Amino acid sequence: MFAAAFIAMFFAAAIMMACGGLIETGIRTAVPPRQLDSADIVVAGDQEYHDSGADPDEPPILPERVRIDEALTDTIAALPGVRAVEEFVFEGAPPPGTVDAIGVVAEPGVDVSELRERVDAELDSATISLVGDQRGQAELREAKASGVTVMALAGVFTAFATLVSIFGVASMLAFSIASRQQDLALLRAVGATPRQLRLLIRYETLLLSLLATALAYFPGRALGEFVFDRLAERGIAADGVVFQQGWIPTLAATVVAILAALAGALGAGRRASQVRPTQALAEVSVEGRLIGGVRILLATVCLAGGIALSIVTIAVISGPLTPATAAPAVILLAIGFALLAPVLTKVMTFAVQWPVRVWGGVTGQLAVLNARGRTGRMAAVVGPVILLTAVSTGMLYLQTTNDEADRLAFAENLVADAVVTSQGGFDADLVNQISDLSGVVGASEHVTSVGFIEKPDDSSPMNEGWTLQGVTAEGAVATTPVRVTDGDIADLHADTVAIKDRHAEKLGVGVGDTITLRMGDNTSLDVRVAALFAAPDDYDPLLLPAGTLAAHTTEGHATRILVKSDEHTDPERLVADLIQWASAEDGLAIAGRDVLLNEYEGQKETANFAIYIMVIVIAGYAAITMINTLVSSVTARRREFGLQRLAGSTRGQVLRMVCLEGAILAVSGIGLGSVAAIGILVPVSLKRLDSVLPAGTDPVDVRVDGRAHHSADPRRHAPSRVARDAEPTG
């Protein structure tokens, strides 16, 4: 039994170690420099936006490269201790008078930290200095954003893993203590006090957890590196960021793992320490109290929390943000059902006893009697099954359901029928040429970014900024799913903006008013409201002139033109005509609207791959706990099986009895886990898909205006939110 408890603690500690390494990796965002390797200090733009109103310790990351004033080169070169400076441009075409980074080489013998202080004194709030492995962040713009993403994922992962590991360890310890009831009863009979028994169990658990966490360091680090490498392969972690796991996350993970084990020991040893001396030996042979008051209280709290989050999910949260509350609801409902396993197992055993007896005969009747007489030990096995079923089923189907709803919304908001692409930008008159082609009702340049509204004061969902979409004024209505309610989108030129009417009402602005935007490159821009529009609920970008927005992006120019066919022209015919027309143009690529749908699919797969990793690891731990407990249960009954053989039972009859007991366990655990998952899946599916059944079983054709645009298996996707650079584009 000690070995089984040790295995549960070992794997829990390994998961904690892996989470600790991922969190440190996200915090440090270490990127060994390449081009900047010779520089002691690197001066670059600050990719963090500190005035968003979000948590100061977790500011949003700006999506475009934040460039710095080229004049800083001469200023820094004149500082004492500077040997040489060099300007760097890593991507795009920076506006005149700006560069991407400045490398600073210190004179021999100069203290780099002191020189850095002198450099920092010359910098403004949008410029930072970098040293060590942080210097590579200037080269790899995506590093900071990916570090924040990895840290956030690891934080959520740690919270879920802690809850699951506490329950897993507690379940295993409860079974271990139940199996040692005779030993504990003898201790009580010879005078051991309840406090001494609690201390015994606590010290045993502490010793096991210390050994388990010590041995889990290297496997935990390997698991952390494995998960991080998978995230890097999918583009969630930027290529170039290196995995880090120092002593701080290791110590923190060790403490969390030990506390989780001790928390499990408190609940597991409570019943054993409360046995009266006069009842101690008698209770060895009978089933004790079905469930304790503390366990009922914890189950009530978990179920209440899960139900509350479910209500919030249904009544308040909408769109891609649904998993933010629905996922914790799944975990809490699963743990609540698992805590009530002793009661629910007795109910399920009663419900399935007749088919078991009919199918198994005398052996089946014996299996039912064993299940009814060992409810406590059965519950120790059923609990992890409930947890495994609810977490894996709930989380996966929750993601596939939201994925399908997001995909349908994207397809419904997608108006364009063709896409013209050029990596080198377009001639100014190209949009007009396409608009004049036969069968074209409208064409518009297409640029996307993310920005923040500073005046009037405004907060975006999750404080991650609003989607900014650059369009051509004359073709915007034809290529976006908007209906103008005030003003005229044709006036969308220079520093102007068109905004959703409900958003404008919230801000208290109208046509002709001015709002201040913080653009994706950290520059401030005052824009006049040129038009208000109505659009579907899932479509809420701010529309700006393509040239205005492009000037504040890393590329500096539009790379796509969206084209809409008229009602008499088939989209496939439009694409063919554009291909023929583009044959006379250099550097143009033509594709149908499927290219946007496919990109959206790929971006969502990438953004949500981490959800699958989290589910796999948590479900894997629950599976290990379940198998571990089941093996321990069978091992502890060897004497009982031997007595059955002496009484005349054959090996086959004993095996059949054990298999039937296992079937009762499986049906009970899977059934109860499914009920826990359905508690959130059905409401979410009704809200997002108008269907009782969640998505994830059959391929679905996404159809708009009667046309089939895409067919894919929803099981391949699991989005938690719509990627910002894949917003519905028109």
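Fair warning: this is a prediction, and the values are worked out from it, not measured in the lab.

**Here we look at the overall build of the protein chain**
- Scanning the protein chain for helices and strands turns up 21 helices and 18 strands.
- With the C-alpha coordinates of the protein chain rotated into their principal frame, the extents come out at 95 × 75 × 45 Å.
- A buried classification covers 52% of the 730 residues belonging to the protein chain.
- When contacts within the protein chain are restricted to residue pairs at least 6 apart in sequence, those whose partners lie at least 24 apart make up 80%.
- Looking at the protein chain as shown, the accessible area adds up to about 31600 Å², and 58% of this sits on carbon and sulfur atoms.
- Across the protein chain, 55 positive and 82 negative side-chain charges occur, with their mean positions spaced 21 Å apart.

**Observations concerning a nonpolar patch on the surface**
- Judged by side-chain polarity, Trp-247, Ile-248, Leu-251, Val-255 and Leu-259 come together as a nonpolar surface patch covering roughly 540 Å² of accessible area.
- For Leu-259, the location among the structural elements is in helix α9 (residues 247-273).

**Notes on the sheet that holds strand β6 (residues 127-130)**
- Across the sheet, which stays open at both edges, the four strands sit in the order β3-β5-β1-β6 with antiparallel pairing between neighbours. Only two strands of the sheet have a single neighbouring strand rather than two, namely β3 (82-88) and β6. Mean inter-strand twist for the sheet, computed between neighbouring axes without regard to direction, equals 20°.
- As judged from the four bridges shared by strand β1 (residues 41-45) and strand β5 (residues 101-106), these two strands associate in the antiparallel manner.

**Notes on the packing of aromatic side chains**
- What the rule picks out here adds up to eight aromatic pairs.
- Here Phe-10 and Phe-11 contribute two aromatic rings whose centre-to-centre distance is 5.4 Å and whose plane-to-plane angle is 85°, an arrangement assigned as edge-to-face.
- When the centroid spacing of 6.0 Å and the interplanar angle of 50° are considered together, the rings of Phe-228 and Phe-243 count as tilted. On the criterion of sequence distance, the pair formed by Phe-228 in helix α8 (residues 217-233) and Phe-243 in the loop between α8 and α9 is long-range, its members being 15 residues apart. Each member of the pair, Phe-228 together with Phe-243, is buried.
- In this structure, Arg-230 packs its charged tip against the face of Phe-226, placed 4.5 Å from the ring centre.

**Focus: unusual backbone geometry**
- In the segment running from Lys-455 into Pro-456, the intervening peptide bond is cis, with an omega of -5°.
- Within the secondary structure layout, Pro-456 lies in the loop between β8 (440-455) and β9 (466-471).
- Even without glycine at this site, Asn-522 takes up a positive phi of about 70°.
- Residue position: Asn-522 is located in the loop between β12 (514-518) and β13 (524-534).
- Residue class for Asn-522 comes out buried when judged on its relative accessible area of 15%.

**Concerning the environment of Gly-383**
- Looking at the secondary structure, you find Gly-383 in helix α13 (residues 375-413).
- Its relative accessible area of 0% is what places Gly-383 among the buried residues.
- Along the backbone, Gly-383 and Ala-101 are 282 residues apart, and their C-alpha atoms lie at a distance of 56 Å.
- Dropping the residues within four chain positions of it, Gly-383 is found in contact with Phe-167, Ala-338 and Ala-341.

**What about the pattern of salt bridges?**
- Applying the stated criterion across every chain yields a total of 20 salt bridges.
- The partner of Arg-407 in a salt bridge is Glu-404, with the nearest N and O atoms 2.2 Å apart. Taken as a pair, Arg-407 and Glu-404 lie in helix α13 at a separation of three residues, close to a single helical turn.
- Residue class for Glu-404 comes out buried when judged on its relative accessible area of 2%.
- The partner of Arg-502 in a salt bridge is Asp-537, with the nearest N and O atoms 2.7 Å apart. Here the residue Arg-502 occupies a position in helix α16 (residues 501-507), and Asp-537 occupies one in the loop between β13 and β14 (542-545), the gap between them amounting to 35 residues.
- Taking the relative accessible area as the measure of exposure, Arg-502 reaches 48% and is therefore partly exposed.
- Judged by its relative accessible area of 59%, Asp-537 falls in the exposed class.
- Salt bridges here are not isolated pairs; linked through shared partners, they connect Arg-65, Arg-67, Glu-91, Asp-100, Arg-141 and Glu-142.

**Here's the deal with the nonpolar core**
- Counting residues in each nonpolar core, the largest one holds 101 residues, and the members touching the most others are Leu-231 and Met-395.
- Residue contributions to this core peak at 14 residues, all from helix α1 (residues 2-28).
- Among residues more than four places away in sequence, those in contact with Met-395 are Phe-160, Ala-327, Val-330, Ala-390, Met-614 and Val-615.
- Counting 39 residues, the second largest nonpolar core, distinct from the first, contains Leu-430, Leu-468, Ala-504 and Leu-542.

**Things to note about helix α20 (residues 638-646)**
- For α20, the full list of buried residues reads Glu-640, Phe-641 and Gln-644. Seen end-on, α20 carries its buried residues on one side only, within an arc spanning 100°. Opposite its buried face, α20 presents the exposed residues Arg-638, Arg-639 and Leu-646, each directed more than 90 degrees away.
- In this fold, the buried residues of α20 make contact with α12 (341-373), α19 (594-636) and α21 (651-689).
- Gly-648, located one to two residues past α20, shows a positive phi value of around 115°.

**Examining the environment of Glu-661**
- Along the chain, Glu-661 falls in helix α21.
- Exposure remark for Glu-661: the relative accessible area of 5% places this residue in the buried category.
- Remark: the alpha-carbon pair of Glu-661 and Gly-364, spanning 297 residues in sequence, is separated by 8.4 Å.
- Not counting residues within four places of it along the chain, the set of residues in contact with Glu-661 comprises Ala-367, Asn-370 and Arg-637.
- Here the side chain of Glu-661 touches Asn-370 through a polar contact of 2.8 Å, side chain to side chain.

**Observations concerning the environment of Arg-573**
- Along the chain, Arg-573 turns up in helix α18 (residues 571-582).
- Linking Arg-573 and Gly-439, residues 134 residues apart in sequence, is a C-alpha distance of 9.0 Å.

**Observations regarding the packing of helix α10 (residues 293-315) against helix α11 (residues 323-339)**
- Taken N-terminus to C-terminus, the directions of α10 and α11 make an angle of 155°; their axes are 8 Å apart at the nearest point. When the axes of α10 and α11 are compared, the pair comes out roughly antiparallel. For α10 against α11, the interelement crossing comes out left-handed. For the pair formed by α10 and α11, the contact residues are Arg-295, Leu-298, Ala-299, Cys-302, Leu-303, Gly-305, Gly-306, Ile-307, Leu-309, Ser-310, Val-312 and Thr-313 on the first element and Thr-325, Ala-326, Pro-328, Ala-329, Leu-332, Leu-333, Ile-335, Gly-336, Phe-337, Ala-338 and Leu-339 on the second.
- Classifying every residue of the contact of α10 with α11 gives 16 nonpolar, six polar and one charged.

**So, the state of the cysteines**
- Tallied over the full model, the rule gives zero disulfides.
- The thiol sulfur of Cys-19 is not disulfide-bonded, and the nearest other cysteine sulfur, from Cys-302, lies at 19 Å.
- By relative accessible area, Cys-19 is classed as buried at 1%.
- What makes Cys-302 buried here is its relative accessible area of 14%.

Calculation criteria
- Residues numbered from 1 in each chain as written.
- Predicted model: local features only at pLDDT ≥ 70, side-chain atom pairs only at ≥ 80, totals over all residues.
- Heavy atoms only, no water.
- Helix = DSSP H or I, 4+ residues; strand = E, 2+ residues; numbered from the N terminus.
- Buried < 20%, exposed > 50% of the residue type's maximum accessible area, 1.4 Å probe, protein only.
- Contact = heavy atoms within 4.5 Å.
- Areas by Shrake-Rupley, 256 points an atom, 1.4 Å probe, with all protein chains shown as cover.
- Lys, Arg positive; Asp, Glu negative; His and termini not counted.
- Charge placed at Lys NZ, Arg CZ, Asp CG, Glu CD.
- Patch = residues over 30% accessible without salt bridge, like charges linked within 9 Å, V, L, I, M, F, W, Y side chains within 5 Å.
- Salt bridge = Lys/Arg side-chain N within 4 Å of Asp/Glu carboxyl O.
- Pairing = 2+ DSSP bridges.
- Axes fitted to C-alpha atoms, helices over the stretch in contact; angles between N-to-C directions.
- Phe/Tyr/Trp six-rings, centres within 6.5 Å; stacked < 30°, edge-to-face > 60°.
- Lys NZ or Arg CZ within 6 Å of the ring centre and 35° of its normal.
- Core = buried A, V, L, I, M, F, W, Y, C linked by side-chain atoms within 4.5 Å.
- Arc of directions from axis to C-beta.
- Polar contact = N/O pair within 3.5 Å; in protein donor to acceptor, adjacent residues only side chain to side chain.
- Parallel < 35°, antiparallel > 145°, perpendicular 65-115°, else oblique.
- Left-handed = near helix turned anticlockwise from the far one by under 90°.
- Nonpolar A, V, L, I, M, F, W, Y, C, P; charged D, E, K, R; others polar.
- Disulfide = S-S within 2.5 Å.

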